[in-house]
Amino acid sequence: MFNFTSLSTIQYLAIIGNLLLPIILVTISMPYFIKKFTESGVLGRDYYKKGVVKIPESGGIVILLITLLSISFTSLFFKYSTTNYVVLIVICLFGIFGILDDMIDIGRVSKLFLMYYCSYPLIQYATSTALVLPSVGHIELGILYLQFIVPTYVLVASNLVNMHSGYNGLASGLSAIVLLSLIIKSIMLGDVENIFTIVAITGALLGYFLYDRFPSQIFWGNVGSLTIGATIGALIVIQGFIISGFIMLIPHTVNFLLYVYWRVRKFPVAKFGHDRGDGILEVPNPYTLKWVLPYYYNLTEKQATYAMYMLTGIFCLIGIFLPGKI
C-alpha cells in the first residue's frame, strides 16, 4: 500500500528544501510586510476582540511572493516536472482574483465563472481520469473527469476555504492540516514528482501561520484564501485523491451546507459574532460550523479554533490511511 523507500534522496531533499526555505523567508520578512500594510492603511477589523481592533490584511500576497521566490531559487538545484509550473500558474491566477476581490467587487457570478476556467490548464496534467471507490473499484469517467471534476474541484476547494474562516488562525491552520495530510499521503505512496510547488506553498503557509494564529498579527484576505484553496484543489486532482480529498474537506463541506440551510430558511443575516467582554464568544446562531460549539457552550476564540483543528485532523487521518489513490 505505502512505499516510503521508493523516493530518491534528491526527491527527499527537494521536499525538505521547498518546505523549509519558504518557512524561513516568510518568518523573517513578515514583520516588514506587517509594518508596510499598517502604514498604508491596509487594515481589517478583528470582530472577535473586545472593542474595535484593526490589524493588517492581505497577508496572502506574502505567501504567493515568497513561494515564487523560493521556487525560482530551488529550481537552480532541482529539475521540476512541467506539471509543477502549470500548478503554480493556476494558483497564481486564483491569487490574482483574490487581489482583485480585496480591491473591488467584481461580482460573485463573474468571479466564479472566470475562476472555473482558470483551472483548465490542469486538465492535461491530471494523472488519472478514473474515480476509485472502495468495494467498487475504478470507474472510468474520461472526458467528464477532465472537463468537469478537475476545474470544479479546484473552484469548490478555493471557495470552501474562503467560507470556513473568521477566527484567528482558523482558515490558515485548517488549510495547513489538509495540505500536510495530502503531502504525507503522496510521500507514503512514493508519488511526489508533481507536488514540489505545492510543498513550497505549504511551507510559506506554515510561516504565515506563525503570525496568523491567535492573536493574529495579520489577516490573509481573499488573496490568501483563494490561493491556498486553489492549492488544495490542485493537489487533490493532480494526485487523483478525489475521495480522500473529499473526506478531508468534509468539515468545510458541512460548513457550506449549514450556510445553505441558513439562507434557504431565510434566517437574519449575521456575518460575525463578538467577544461578550470576558473572552467568551457570543455568536448569533449555530448555522456556521465554527459557531456550533460557541452557540451551546462557553468557549473562547482560541478554544473554538482548536476544536475545528481537531475535527479536521480526524477526517485528514481517515483520508491519509485510505488505501492507494482513493
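Residues numbered from 1 in each chain as written. Predicted model: local features only at pLDDT ≥ 70, side-chain atom pairs only at ≥ 80, totals over all residues. Heavy atoms only, no water.

The protein chain appears in an unreviewed UniProt entry as UDP-N-acetylglucosamine-1-phosphate transferase from Methanococcoides seepicolus. For the record of the protein chain, the UniProt heading Subcellular location (unreviewed entry) holds the text "Cell membrane". (UniProt positions renumbered as here; feature names shortened; annotations may be inferred.)

1. Looking at the overall build of the protein chain
When its secondary structure is counted, the protein chain shows twelve helices and six strands. In terms of overall size, the protein chain behaves like a compact globule, its C-alpha atoms giving a radius of gyration of 19 Å where 326 residues would be expected to give roughly 20 Å. Summarising its shape, the C-alpha atoms of the protein chain cover approximately 55 × 45 × 35 Å along the three principal directions. Considering the protein chain as a whole, with its 326 residues, one finds that 52% of them fall into the buried category. Of all intrachain contacts in the protein chain linking residues separated by at least 6 positions in sequence, the fraction that spans at least 24 positions is 75%. (Helix = DSSP H or I, 4+ residues; strand = E, 2+ residues; numbered from the N terminus. Rg over C-alpha atoms; globule rule 2.2 N^0.38 Å. Buried < 20%, exposed > 50% of the residue type's maximum accessible area, 1.4 Å probe, protein only. Contact = heavy atoms within 4.5 Å.)

2. Examining the side chain of asparagine 168
Within the secondary structure, asparagine 168 sits in the loop between α5 (143-163) and α6 (170-188). A polar contact is formed between the side chain of asparagine 168 and the backbone nitrogen of serine 216, at a distance of 3.0 Å. Leaving out residues up to four positions away in the same chain, asparagine 168 has contacts with Asp46, Lys49, Asp212, Arg213, Phe214, Pro215, Ser216, Phe219, Glu301 and Thr305. (Polar contact = N/O pair within 3.5 Å; in protein donor to acceptor, adjacent residues only side chain to side chain.)

3. Examining helix α8 (residues 221-239)
Under the 1.5 Å per step criterion, the end-to-end length of α8 is 28 Å for 19 residues, consistent within 8% with the ideal 27 Å. Most of α8 sits inside the fold, with 19 of its 19 residues counted as buried. Positive backbone phi, approximately 75 degrees, marks glycine 240, located one or two places after α8. (Expected span 1.5 Å × (residues − 1).)

4. Remarks on the pattern of salt bridges
Scanning the model with the defined rule gives four salt bridges in all. When the shortest N-O distance is used, the salt bridge between lysine 36 and glutamate 39 registers 3.9 Å. Remark: glutamate 39 and lysine 36 occur in helix α1 (residues 9-39); sequence separation between them is three residues, near one turn of the helix. Classification of glutamate 39 by relative accessible area gives exposed; the value is 54%. Arginine 276 serves as the salt-bridge partner of aspartate 278, at 2.9 Å between the closest nitrogen and oxygen. Using a relative accessible area of 49% as the deciding quantity, one classes aspartate 278 as partly exposed. A relative accessible area of 40% means that arginine 276 is categorised as partly exposed. Connected via shared salt-bridge partners are Asp46, Lys49 and Glu301. (Salt bridge = Lys/Arg side-chain N within 4 Å of Asp/Glu carboxyl O.)

5. Describing the confidence of the model for the protein chain
The pLDDT averaged across the protein chain works out to 90; a share of 93% of its residues lies at or above 70. The spread of mean pLDDT over the elements of the protein chain runs between strand β3 (residues 130-133), the lowest at 65, and helix α7 (residues 196-212), the highest at 98. (pLDDT = per-residue confidence, 0-100.)

6. Considering the nonpolar core
One finds Met30, Leu122 and Ile232 to be the most contacted residues of the largest nonpolar core, which totals 74 residues. Setting aside its immediate chain neighbours within four residues, leucine 122 contacts Val86, Val87, Val90, Val150, Val154, Ala234, Val237 and Ile238. (Core = buried A, V, L, I, M, F, W, Y, C linked by side-chain atoms within 4.5 Å.)

7. Here's the deal with unusual backbone geometry
A cis amide bond, omega -10 degrees, links phenylalanine 214 with the succeeding residue proline 215. Position of proline 215 among the secondary structure elements: in the loop between α7 and α8. The phi dihedral of serine 58 is positive, around 70 degrees, even though this residue is not glycine. Assignment of secondary structure puts serine 58 in the loop between β2 (54-56) and α2 (60-74).

8. Notes on the packing of α7 against α8
Between α7 and α8, whose axes approach to 11 Å, the crossing angle comes to 150 degrees. Note that α7 runs across α8; the crossing there is left-handed. On α8, the residues that touch Ile198, Ile201 and Leu205 of α7 are Ile228, Thr231, Ala234, Leu235 and Ile238. (Axes fitted to C-alpha atoms, helices over the stretch in contact; angles between N-to-C directions. Left-handed = near helix turned anticlockwise from the far one by under 90°.)

9. What to know about the side chain of serine 186
Tracing the backbone through its elements, the reader meets serine 186 in helix α6. Every residue in contact with serine 186, bar those within four places of it in the chain, is listed here: Asp191, Val192, Ile195, Gln239 and Phe241.

10. Points about the UniProt feature "transmembrane region" (unreviewed entry) in the protein chain
Within the UniProt annotation, "transmembrane region" (unreviewed entry) is assigned to residues 12-34, 55-78, 84-100, 142-161, 168-188, 194-211, 223-250 and 306-324. Counted over residues 12-34, helix gives 100% and strand 0%. Its end C-alpha atoms are 33 Å apart.

11. Focus on the packing of aromatic side chains
Enumeration according to the criterion identifies 19 aromatic pairs in this entry. Ring centres 6.4 Å apart and planes at 65 degrees place the aromatic pair phenylalanine 209 and tyrosine 309 in the edge-to-face group. Pair noted here: phenylalanine 209 is in helix α7 and tyrosine 309 is in helix α12 (residues 301-320), with a separation of 100 residues, a long-range link. Under the relative-accessibility criterion, tyrosine 309 is labelled buried at 15%. (Phe/Tyr/Trp six-rings, centres within 6.5 Å; stacked < 30°, edge-to-face > 60°.)

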